Each structure stands twice: as structure tokens, then as C-alpha cells.
Amino acid sequence: MPVPFEALIPYGIMLVMFGATGAGMSAFRNYNNEGKRARRSLDTWDRVLMERDARLTGSLRGQRDDPKAPPGFETNSIWKVRSTCPILHGSPIYTG
């Protein structure tokens, strides 16, 4: 006994929607990573270098080949914030 083609329409719709969702996610990841492959299993060192690259170039995935840092690079570090905040710096004022 043949299966009526009307029974296969929902499966076709689901297949198209899963395909559209996958293509949309792939396009979003590609756009978010500036056309590069997504990074996997990042450790602390990778995150620190990504933060440094963001301060140097303005994007997490950008890199520079210039050996000299741009002006202002030495003053936009997180360590400057930590050294001025007594709670983060671990001063004796905070006994928590």
C-alpha cells in the first residue's frame, strides 16, 4: 500500500527548517568570528591573548604584525583598574 504524499509534507518542512536554522547559525558564527573558524577549548592563556588582541586591534580575532603598540595601549589595561580598587587589589583595608 503506497504512502500518500501528503504525509511526507511535514517531514519536508521540518527538513527545510532544520537546514535553514543550521545555515543561519553557521552564517552567524562566521560573521561573529570575522570569517575565521571558531575557537575551541580556550584556556586562560588564550583568553588573555584574546583580550590583548582586543586592546591592540579593537576586535577579539584581530592581530597585528607591527612590533610597536599603538599609542594609549599601556593605559587601557585591566591591571590599572585592579591597582586603583582596594577590594580587587587585596589591600589591608578589605579584610573580607
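- Under the annotation held in an unreviewed UniProt entry, the chain carries the name NADH dehydrogenase [ubiquinone] 1 alpha subcomplex subunit 1 and is attributed to Terfezia boudieri ATCC MYA-4762.
- One UniProt comment on the chain, placed under Sequence similarities (unreviewed entry), says "Belongs to the complex I NDUFA1 subunit family."

## Points about the overall build of the chain
Right, so step 1: Broken down by element type, the chain carries four helices and zero strands.
Right, so step 2: Counting from the amino terminus, helix and strand elements in the chain follow one another as α-α-α-α.
Right, so step 3: When each of the 96 residues of the chain is scored for burial, the buried share is 10%.
Right, so step 4: Long-range contacts, defined as pairs at least 24 residues apart, comprise 20% of the intrachain contacts of the chain with a sequence gap of at least 6.
Right, so step 5: Only carbon and sulfur atoms are counted for the fraction: they give 63% of the accessible area of the chain, which is about 8,500 Å².

## Quick look at the UniProt feature "transmembrane region" (unreviewed entry) in the chain
Right, so step 1: According to UniProt, the feature "transmembrane region" (unreviewed entry) maps to residues 12–31 in the numbering used here.
Right, so step 2: Taken as a whole, residues 12–31 contains 100% helix and 0% strand, while its terminal C-alpha atoms sit 28 Å from one another.

## Comments concerning helix H2 (residues 44–57)
Right, so step 1: In this model H2 runs 20 Å from its N-terminal to its C-terminal C-alpha over 14 residues, within 8% of the 20 Å that 1.5 Å per residue would give.
Right, so step 2: Of all the residues in H2, the buried ones are Met-50, Asp-53 and Leu-56. Burial along H2 is one-sided: seen end-on, the buried residues are contained in an arc of 125°.
Right, so step 3: Gly-58, located one to two residues past H2, shows a positive phi value of around 95°.

## Side note on unusual backbone geometry
Right, so step 1: Positioned with a positive phi, Glu-34 is a non-glycine residue whose angle comes to about 55°.
Right, so step 2: Take Glu-34: it is sitting in the loop between helix H1 (9–32) and H2.
Right, so step 3: Phi at Ser-41 is positive, roughly 45°, even though this residue is not glycine.
Right, so step 4: One can find Ser-41 in the loop between H1 and H2.

Rules of the game
- Residues numbered from 1 in each chain as written.
- Predicted model: local features only at pLDDT ≥ 70, side-chain atom pairs only at ≥ 80, totals over all residues.
- Heavy atoms only, no water.
- UniProt positions renumbered as here; feature names shortened; annotations may be inferred.
- Helix = DSSP H or I, 4+ residues; strand = E, 2+ residues; numbered from the N terminus.
- Buried < 20%, exposed > 50% of the residue type's maximum accessible area, 1.4 Å probe, protein only.
- Contact = heavy atoms within 4.5 Å.
- Areas by Shrake-Rupley, 256 points an atom, 1.4 Å probe, with all protein chains shown as cover.
- Expected span 1.5 Å × (residues − 1).
- Arc of directions from axis to C-beta.

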